[in-house]
Amino acid sequence: MQKKEECPKYYEFFNSVKIISGYKALDNIASELDMLGARKPIIITDKGVSQAGLIDHVVNSFGGTQVAIGALYDDTPVDSSIVAVNEIAGIYRQQECDAIIAVGGGSVIDTAKGVNIVISEEADDLMKFTGNNRLTKPMKPFIVVPTTAGTGSEVTMAAVIANPARNVKMQFTSPLILPKVAILDPVMTMSMPPKITAATAMDALTHAVEAYIGPQKNPVSDAFAFSAIELIKANIIDAAKNGKDRDVRLAMANASLLAGISFSNSMVGIVHALAHATGGLCHVPHGVANAILLPHGLEFYIKKSPDIAARIGKLLRFFMEPEDYAKIPVNEREKNTVAAIRDINDSLNTLCGLPLTLSQAGVTKDKLEAIASAAINDGAIAFCPVEVSSEDALEILKAAF
Amino acid sequence: MRSKRMCKIVPPEKWLKTQITRLCLYFLGMGIETAYKNVPQAKREMDTLPDQFSFCFNVVNGPSMMILKNGHTVRYVGEKEAYHADLELVLKNIEFAYLMMTGRISTPDAVYHNRQFVRGNLAYMMTMIRVLNIAQTLLFPNFLLRFYIKTVPRLTMKTMVNRAKAYANATIGLFA
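Let me sum up the structure you'll find in this document.

Counting secondary structure elements, chain A contains 15 helices and 9 strands. Its C-alpha atoms put chain A at 60 × 45 × 45 Å along the principal axes. In chain A, buried positions account for 54% of the 401 residues. Considering only contacts within chain A whose residues lie at least 6 apart along the sequence, 80% involve residues at least 24 apart.

This is the structure:
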């Protein structure tokens, strides 16, 4: 018999972001700024977004309003960096801006979060705020317009910013850095190439799956995770096949946001710990690393814990029709969930060349031990439902190689 | 007559729970000190932290314990101000701390339930969590350990000797 879903004895859930989703949603930016008491925002983006012409959609949305764009910064690097944060903060002060709008993917959003910390805390050194809950002052009005559908950064209370001088990645976590508004407009994700669409979608799927099987899960985060998985399953292949379908793009943007809200509260586990380390040491894109490692991470949990295996088994209902799901014996469902995720990976590999193994993603065998050592110091390890040693991490990496 | 509600209400002090938590934090501090001296894994872990490093485990408006690392020396220094600590593990209130210290909720569950928060570098916290786990294996018998940590290690003669050392250190410290 399927194990009964239990309510945790205690949990906390928080998300304060206003969500505006739909066609022409961008046109709400000016009125949202007005409600936040801001008139002169700085727009932070990157070269890719501005060259794709996406920033024009945002600028045009201010037409006929009282809002003047204080500055536009489009030099955000691929990995958000303290150098860019300080430069943008300088421009913000010089132009006397009063709000921040981030238009882009994870790096742009994280950079904008860093800028907001520096400005709002009236600080000159971002390093002082590294870690959890270091922030104390209310932040400036902050609006996010994501141009990818995967990171969920528009609704998460964390930012990762590199300090190239010290060769470290600093993590900032605080409920205060949550944006005030997240705007999902399908026009902003339509130009995403199929391979990035596939990788970011798998990132979102990994967020949702890990959020549901993790020990910090709760009924509220589960609801968000389930909705995310349903939307991803229904749209992921179409999004990679036909990026011009606005309905599919909107569904994927929502899935990413829902998964973001879920994992921001119930956290992620071994798959993310390994993906962070793989990205840090071998520069494998985060979504690609997650896509490769997700089935192997789930197999590790299945082997280690019958309770977690049962949770993984329950996810199968999102990957098949109810009548087919009912036919599969309870103790075989977890394996079928992993197989269903592998099927998605295989389809994406055929459609757009998404790598299936770490070696295909450019990782060399001699790096595996270093990745395993780095992974067990990642914050996500604390939220793994089972104890993970560096040997365990290495075993998963070898299986994924 | 003035209503009782108009008077200033002074909440009870929760003296007993505070003192029990204080005592447990003291033992935990001494446990970390002993673990660093006697358990190679704990030493290896703490040697990865910066040479000058302070860790504070405290309760909001409640008792605390501070560990100082200076080169290859680790010392428990009692209750100090957490303000300057490099890393802080903060339990949100004395009720949560009491439940955790008395094994009614495990340390991992305290993390999963958001009953605590961390101030400082998360990678350092991961190291300190592993050190705290080792210190707890020195402080509690195996049949109680499952209430405190995720995986209970096998009981060895070495562990039993180290446990005796931890309790001897803590007892001496109490009367020093």
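Moving on, there is more to tell.
All names here are of chain A. The terminal C-alpha atoms of helix α8 (residues 246-266), which comprises 21 residues, lie 30 Å apart, in line with the 30 Å expected from a rise of 1.5 Å per residue. Counting buried residues in α8 gives 19 out of 21 residues, a clear majority hidden from the surface. Among the residues trailing α8, Met 267 stands out with phi positive, at a value near 70°.

Once that is clear, we can look at the interface of chain A and chain B. Facing 16 residues of chain A, the contacting portion of chain B comprises 16 residues. Its residues assigned to classes, the side of chain A that touches chain B shows 5 nonpolar, 8 polar and 3 charged.

All names here are of chain A. Of all 6 residues in strand β4 (residues 99-104), 6 are buried, a share of seventy percent or more. Of the two faces of β4, the one holding Ala 99, Ile 101 and Val 103 and the one holding Ile 100, Ala 102 and Gly 104 are both buried throughout. As paired elements, strand β2 (residues 41-44) and β4 share 4 bridges and run parallel to each other. Looking across to β4, one finds that Ile 42 is bridged to Ile 100. Bridge count for β4 against strand β6 (residues 142-146) is 5 bridges, and the pairing is parallel. Residue pairing across strands places Ala 102 opposite Val 144, the latter belonging to β6.

With that out of the way, let us pick up the sheet that holds β4 of chain A. Residue and element names in this part refer to chain A. On the basis of which strands lie adjacent, the open sheet formed by 6 strands has the order β1-β9-β6-β4-β2-β3 and parallel pairing. Every other strand in the sheet has two partners, leaving β1 (18-21) and β3 (71-73) as the edge strands with one partner each. For this sheet, the mean inter-axis angle between neighbouring strands, taken without regard to orientation, is 15°. In the packing of helix α5 (residues 106-120) onto the sheet, contacts are made with β2, β4 and β6, and the angle to β4 comes to roughly 165°.

Thresholds, definitions, all that
Residues numbered from 1 in each chain as written. Chains lettered and ligands numbered in written order. Predicted model: local features only at pLDDT ≥ 70, side-chain atom pairs only at ≥ 80, totals over all residues. Helix = DSSP H or I, 4+ residues; strand = E, 2+ residues; numbered from the N terminus. Buried ≥ 20, exposed ≤ 12 C-beta atoms within 10 Å, placed from the backbone. Contact = placed C-beta atoms within 7 Å. Expected span 1.5 Å × (residues − 1). Nonpolar A, V, L, I, M, F, W, Y, C, P; charged D, E, K, R; others polar. Pairing = 2+ DSSP bridges. Axes fitted to C-alpha atoms, helices over the stretch in contact; angles between N-to-C directions.

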